[in-house]
Structure formats: C-alpha cells, structure tokens
Amino acid sequence: MQERALLHPFVKEKIQENTDIDALFTTIFETFYKRIFNYMAYRVSSLHTAEDLTSLVFEKTLAKLSTYSQEKAPLEVWLFAIARNVVNDHYRSLKRRSFFSLDAVKELVSSRKDPESMILQGERNGKLIKALNTLNSRERNIVALKFGANLKNIEIAQVTGITESNIGVILYRTMKKLKTEIGSVEQL
C-alpha cells in the first residue's frame, strides 16, 4: 500500500516567513525521500549516482521551499519536476565529459553476493537495460515516474504537461514494446 502524507499546513498557500522551514523540510524529506530515490534509480544506472541526485533534489527543494505555492502545482508534482530537471542536468553534464563510470565499478566490487548470482543478476539487468534503451527519452521518463516514483497517471500528466489519457496510452504502448523486447518476466 502506498503511503501518502497530508501535508496540510504548508500546501494551502505560499509559505509564510514565520513557518518553521526546518520542520517543514524534515516532513517533506521523510515523506518523499524513498519515492524520489526510486525515481532516480529508474533513471540512472548506478545506485550511488541515484543517491547523489536524490540529495541534490532535496538541496534544491530546501533552497526553493520558501517560493513554493500550492496554486501553481501540488507539492508532489513540484518535487518530481525538480527531480526530472536534476536528471536532465545530470545527463547533459555526462554528454560534456565521456568517461567511464567508477560508480558502476564500485557497485560490482562492493557487492557481497556469490559470483554466480552476480552473473545472473548482471545478465537480467543487462536485458532490462537493453530493453529500456530501446525507449525514447519521453517513454523512459514516464516509466520511471510510474514505476520508480509510484505516481498516478494524473500526477505524471501534471509533471510532464501531457494529458492523463495520453500518459495511459504511452504507458500501454511502452509496456507492450518492453514485453516484445524482453519476452516474459520468467525469461529475465
């Protein structure tokens, strides 16, 4: 069951100067950290990078919290828009420098699994990454918002600016495309 917090004191209108920003930020962080991290993990290949980007999202959230207004967008939509922008900035910065990822190497070295399960997991991940790489950027983003961030279609529509019905169609076609690419889940 998905957890949703009612953050009523600060989502009614623009945050007042006398609001305790630290307490407010703590509530936001505790409520949304896991979902933001899951979204990041779907979008990037390394858990270390996902952690770094999630931290960056909350840094930006804290810096801009006093400018948040419920009239513009719900808090959740605002946070995931920040997260989407952080991921886009991350990929833009990678295009400027094309080095191999030390995070991926660290993850392989630091895992405590036996070699056989590491190889099987690597093969599964490779198939999944290969299938996800067949998707265009918009499809990958929507899949990450749906399954990584666990957002509803209407929330994804608000974040992306695409209609809710179009989100449903895109998800349906994307899942069909992934199923064709991967085959059944048992084949993973």
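Going by the structure above, here's the rest.
Since the structure is predicted, the reported quantities are computational estimates derived from the model, not experimental observations.

What exactly am I supposed to notice about the overall build of the protein here?
For the protein, the helix and strand inventory stands at nine helices and zero strands. The long-range fraction of contacts in the protein, counting pairs at least 24 apart against all pairs at least 6 apart in sequence, stands at 70%. Surface accessibility of the protein: about 12,300 Å² in total, with carbon and sulfur atoms responsible for 55%.

Honestly, the packing of helix α7 (residues 137–148) against helix α8 (residues 153–160) in this entry has me stumped. Any pointers?
Working note: a packed helix pair is described by the angle between its axes plus the distance between those axes. Direction vectors running N to C along α7 and α8 enclose 135 degrees, while the axes themselves pass 10 Å from each other. Accordingly, the angle class assigned to the pair α7 and α8 is oblique. Considering only the axes of α7 and α8, their crossing is right-handed. Residues N141, I142, L145 and K146 of α7 touch α8, and the partners they reach there are N153, I156, V159 and T160. Its residues placed into classes, the contact of α7 with α8 shows four nonpolar, three polar and one charged.

What am I meant to see in α8 here?
Turn by turn, an α-helix covers 3.6 residues, leaving residues three or four places apart pointing in a common direction. Within α8, the full set of buried residues consists of N153, E155, I156, A157 and V159. Positive backbone phi, approximately 85 degrees, marks G161, located one or two places after α8.

Any chance you could explain the packing of aromatic side chains here in plain terms?
Given two aromatic rings, one states the distance between the centres and the angle between the planes to describe the pair. This structure, assessed with the given rule, holds eight aromatic pairs. Taking the centre distance of 6.2 Å and the plane angle of 35 degrees together, the rings of F25 and F29 count as tilted. You can see F25 and its partner F29 sitting in helix α2 (residues 21–43), four residues apart, about one turn around the helix. The exposure class assigned to F29 is partly exposed, which follows from its relative accessible area of 34%. Taking 5.1 Å as the distance between ring centres and 50 degrees as the angle between the ring planes, the aromatic pair formed by Y68 and W78 counts as tilted. Of this pair, Y68 sits in the loop between α3 (47–64) and α4 (75–96) while W78 is found in helix α4, placing the two residues ten residues apart along the sequence. The two residues Y68 and W78 agree in class, both being buried. Within the aromatic cluster, the residues linked to one another by ring pairs are F25, F29, Y33, F37 and F58.

Scoring rules and cut-offs
Residues numbered from 1 in each chain as written. Predicted model: local features only at pLDDT ≥ 70, side-chain atom pairs only at ≥ 80, totals over all residues. Heavy atoms only, no water. Helix = DSSP H or I, 4+ residues; strand = E, 2+ residues; numbered from the N terminus. Contact = heavy atoms within 4.5 Å. Areas by Shrake-Rupley, 256 points an atom, 1.4 Å probe, with all protein chains shown as cover. Axes fitted to C-alpha atoms, helices over the stretch in contact; angles between N-to-C directions. Parallel < 35°, antiparallel > 145°, perpendicular 65-115°, else oblique. Left-handed = near helix turned anticlockwise from the far one by under 90°. Nonpolar A, V, L, I, M, F, W, Y, C, P; charged D, E, K, R; others polar. Buried < 20%, exposed > 50% of the residue type's maximum accessible area, 1.4 Å probe, protein only. Phe/Tyr/Trp six-rings, centres within 6.5 Å; stacked < 30°, edge-to-face > 60°.

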